[in-house]
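Reading the structure
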Amino acid sequence: MKIRPLADRVVIKRAEAEEKTASGIILAGAAKEQPQIAEVIEVGPGGVVDGKDVKMELSKGDKVIYSKYAGTEVKIEGEDYIIIKQSDVLAVLE
């Protein structure tokens with residue numbers, strides 16, 4: 001199954017949480033801080049959203065930093081994804 005986001009939406013896959021701290025302490029599942037870094041999986045077409053013309057500036061494969069509480073988490077075929085608005089992306093990592 002393939003996800004096709006609509007309008008100004010972007011599908012991202014979160015980077016894996018660190019397994020241990022810099023000093024070597026192994027973290028339990030609940031103690032791992034979830035990173036706000038993700039890879040763009042799919043990008044919507046853009047267009048007119050809320051009366052404004054939105055041009056999509058992201059591309060499939062981009063590494064991005066996104067807002068901490070943004071988006072909707074979904075699980076498709078055992079994989080976890082987050083669907084967010086392009087405006088919830090704070091930066092692109094190069």
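Above this note sits the structure.
Summary of the structure given here. (Residues numbered from 1 in each chain as written. Predicted model: local features only at pLDDT ≥ 70, side-chain atom pairs only at ≥ 80, totals over all residues. Heavy atoms only, no water.)

1. Side note on the environment of I76
Note the threshold: Secondary structure is summarised from DSSP: a helix means a run of H or I of at least four residues, a strand means a run of E of at least two, and numbering begins at the N terminus for each. Two residues qualify as a contact provided that any one of their heavy atoms is within 4.5 Å of a heavy atom in the partner residue.
Position of I76 relative to the elements: it lies in strand 6 (residues 72-76). When the C-alpha atoms of I76 and I3 are compared, they prove to be 8.8 Å apart, with 73 residues separating the residues in sequence. Residues contacting I76, with those up to four places away along its chain left out, are M1, I3 and Y81.

2. Thoughts on the pairing of strand 2 (residues 37-43)
Threshold: Any two strands are treated as partners once DSSP identifies two or more bridges connecting them.
Relative to strand 2, strand 1 (residues 9-14) is paired through five bridges, and the arrangement is antiparallel. Of the residues in strand 2, the one forming a bridge with V11 is E42. Taken together, the three bridges between strand 2 and strand 5 (residues 63-66) define a ladder with antiparallel strand orientation. Across the sheet, residue A38 finds its bridge partner in strand 5, namely V64.

3. A short note on the pattern of salt bridges
Once the charged atoms of two side chains with opposite charge are near each other, the side chains can pair. To be explicit about the condition: A carboxyl oxygen of Asp or Glu within 4 Å of a side-chain nitrogen of Lys or Arg is what we treat as a salt bridge. Residue exposure (1.4 Å probe, protein chains only): buried if accessible area is under 20% of the type maximum, exposed if over 50%, otherwise partly exposed.
Applying the stated criterion to the full structure yields six salt bridges. A salt bridge links E39 to K63; the nearest nitrogen and oxygen atoms lie 3.4 Å apart. With a gap of 24 residues between them, E39 in strand 2 and K63 in strand 5 connect regions that are remote in the sequence. Of the charged contacts, one joins E42 and K60 as a salt bridge, the two residues approaching to 3.3 Å between their closest N and O atoms. Placement of the pair is E42 in strand 2 and K60 in the loop between strand 4 (52-54) and strand 5, with a sequence separation of 18 residues. Classification of E42 as buried rests on a relative accessible area of 15%. Exposure remark for K60: the relative accessible area of 60% places this residue in the exposed category.

4. So, the nonpolar core
Just so we agree on the cut-off: Residues belong to a common nonpolar core when they are buried Ala, Val, Leu, Ile, Met, Phe, Trp, Tyr or Cys residues joined through side-chain atoms within 4.5 Å.
Within the largest apolar cluster, twelve residues are counted, these being V10, I12, A38, V40, M56, L58, V64, Y66, A70, I82, I84 and V89. Taken together, the elements giving at least two residues each to this core come down to strand 1, strand 2, strand 5 and strand 7 (79-85). Sequence-distant contacts of I12, defined by excluding residues within four places in its chain, comprise A38, E39, V40, I41, V64, Y66, Y81, I82 and I84.

5. Quick look at the sheet that holds strand 7
Quick note on the threshold: All axes here are fitted lines through C-alpha atoms, helices being fitted over the stretch that makes contact, and every angle between N-to-C directions spans 0 to 180 degrees.
Taken together, the six strands give an open sheet; going across it, the order is 6-7-1-2-5-8, and neighbouring strands pair in antiparallel fashion. Edge positions in the open sheet fall to strand 6 and strand 8 (89-93), since each of these has one partner strand only. Neighbouring strand axes in the sheet, compared pairwise and without regard to direction, differ in orientation by 40° on average.

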